[in-house]
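# Topology and contacts: notes
What follows is the residue order along each chain.
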Amino acid sequence: MEHLITKKTPSYRVGPNSEIARILLAFLATAGLFYVNIMPALVNGLVDGLGLSKTHAGYISSANVYGAAVGALAVVFMIAKIQWRKTAYMMLAGLIICDLVSMSLTSMPSLVITRFIHGVIGGALVGVGFAVISRTSETDRTFGYLLSIQFGLGGLGLYLLPPLVPEYGTAALFWALIAFSVVTLLMVPFLDEYEHTEKRDTVMPTINLPIVLTLAAIFCFQAANMAIYAFTIEMGKFFEMDITYISETLGEAAWIAILGSVLVILMSTKYGRLWPVTIAILLTAIGIWAFHYSKTTYVFWLANVAVGITWAFVISYLLGLCSAFDRQGQVAALGGFASKMGLASGPFVAGLLTDQLGYASLINISAVILVVAAVLALVPMKLIDQQEAEATNSP
């Protein structure tokens, strides 16, 4: 690619736009926020393992992701100057230390503080990962790999971890996070340089209306989904399902959801973004609405599967849309910030709603917000589709 510096690199490093590179970058961009993919298990562990209330569990979970939002925003202004590889090493080490400390904590205030710090580090790491991904070709495909890894390994965690909490407590959850960070740490040396030939500075690209609408759409989409997802185990218990069935359902749904990200990898932008993404967001809203009928176990299973597939599909394109606005990666890092704010706000509000108004209100509000997300994304998707079509057709 023209915007990458041509320099001699060690032979063990993979090609910057190879499929292996996309997988390694997906791990890098996932490591700082992997706890989101096992959020139902974490919330359940805090409630059952430590005896905290759903509201307090929601506070701790939200503190983790709000910290990630702070880290993601901070890195936006630094990404053009920092050495991303050294930064990644330090941040992964920081995540491991925070998870080790978290194992010994039992009170809500101490966990809120520690998980917030963990979130700041992780959010900055994800911002770095997103920025580096923006320097590759066909970024939508790379985000498709990212979602495949998140749902695949997240599904494994949701399948295996909840039954371990009664025996091993929340330590089992934190050890899983540490293992992911260690594996990612071992992958970083094999990535290419991904440095820009452009003069590096901290000047942000112009933040216009399409970018604002894209960021708002990401926030609404993530908030609505995570509000439901974080409390899926508790909702299943409310509908009198046993923990084994719920864990198996979440694990299976996450694995099947990989189909959504695989579709992104295969389709890329061949059919544009406007219609595929709009239809998928509306299908997500229908899937959320179906949770009203979770008393019937197969509906609970189908709702989780449907939402998982469309979630993986839509967010890959929305994050890729951010990259289309700015190849240096600053808008992509802003997209990461908007995503994390949504992921944090969802459990925070859901914890309050479920304690005060119940699950029906939570489901209704989430479905409506998803429709809003679809409307917000219309203009930026149409704009980028037109620009890419013109670039393709130009002589």
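Each remark here, short or long, concerns the structure printed above.
Residues numbered from 1 in each chain as written. Predicted model: local features only at pLDDT ≥ 70, side-chain atom pairs only at ≥ 80, totals over all residues. Heavy atoms only, no water.

To continue, consider unusual backbone geometry. Backbone geometry places glutamate 240, a non-glycine residue, at a positive phi of 65 degrees. Take glutamate 240: it is sitting in the loop between helix 11 (232–238) and helix 12 (243–267). (Helix = DSSP H or I, 4+ residues; strand = E, 2+ residues; numbered from the N terminus.)

Among the secondary structure elements, isoleucine 233 is positioned in helix 11. For isoleucine 233 and lysine 270, which are 37 residues apart along the polypeptide, the C-alpha to C-alpha distance reads 37 Å.

The next thing to look at is the packing of aromatic side chains. Here a ring pair, both rings aromatic, is described through the centre-centre distance and the interplanar angle of the planes. If you walk through the whole model with that rule in mind, you get 13 aromatic pairs. Each ring, one from phenylalanine 291 and one from phenylalanine 300, has its centre 6.1 Å from the other, and the planes form 75 degrees; the classification is edge-to-face. The exposure class of phenylalanine 291 is buried, given its relative accessible area of 2%. Taken together, the ring pairs connect Phe27, Phe34 and Phe180 into an aromatic cluster. (Phe/Tyr/Trp six-rings, centres within 6.5 Å; stacked < 30°, edge-to-face > 60°. Buried < 20%, exposed > 50% of the residue type's maximum accessible area, 1.4 Å probe, protein only.)

Looking now at helix 14 (residues 297–325). When the terminal C-alpha atoms of helix 14 are compared, their 43 Å separation across 29 residues agrees well with the 42 Å that a helix rising 1.5 Å per residue should span. For helix 14, a buried count of 21 out of 29 residues is recorded, marking the element as mostly surrounded by other parts of the structure. (Expected span 1.5 Å × (residues − 1).)

A few words now on the packing of helix 10 (residues 209–229) against helix 15 (residues 330–356). Running from amino to carboxyl end, helix 10 crosses helix 15 at an angle of 35 degrees, the nearest separation of the two axes being 7 Å. In terms of crossing hand, the pair formed by helix 10 and helix 15 is right-handed. Residues Ile211, Leu215, Ile218, Phe219, Gln222, Ala223, Met226 and Ala227 of helix 10 form the contact with helix 15, whose participating residues are Val331, Leu334, Gly335, Ala338, Ser339, Met341, Gly342, Leu343, Ser345, Gly346, Pro347 and Ala350. Partitioned by chemical class, the residues of the contact of helix 10 with helix 15 number 14 nonpolar, six polar and no charged. (Axes fitted to C-alpha atoms, helices over the stretch in contact; angles between N-to-C directions. Left-handed = near helix turned anticlockwise from the far one by under 90°. Contact = heavy atoms within 4.5 Å. Nonpolar A, V, L, I, M, F, W, Y, C, P; charged D, E, K, R; others polar.)

Our next topic: the pattern of salt bridges. In this structure the tally under the stated criterion is 10 salt bridges. In this structure, lysine 237 and aspartate 48 form a salt bridge, with 2.7 Å as the shortest nitrogen-oxygen distance. Here aspartate 48 lies in helix 3 (residues 39–49) and lysine 237 lies in helix 11, a separation of 189 residues in the sequence. Look at lysine 237 and you get partly exposed, because its relative accessible area is 28%. The exposure class of aspartate 48 is partly exposed, given its relative accessible area of 47%. Between arginine 273 and glutamate 388 there is a salt bridge; the shortest N-O distance is 3.2 Å. Taken as a pair, arginine 273 in the loop between helix 12 and helix 13 (274–289) and glutamate 388 in helix 16 (residues 359–393) lie far apart in primary sequence, 115 residues in all. Using a relative accessible area of 1% as the deciding quantity, one classes arginine 273 as buried. Residue glutamate 388 is classed as partly exposed on the basis of its relative accessible area, which comes to 28%. (Salt bridge = Lys/Arg side-chain N within 4 Å of Asp/Glu carboxyl O.)

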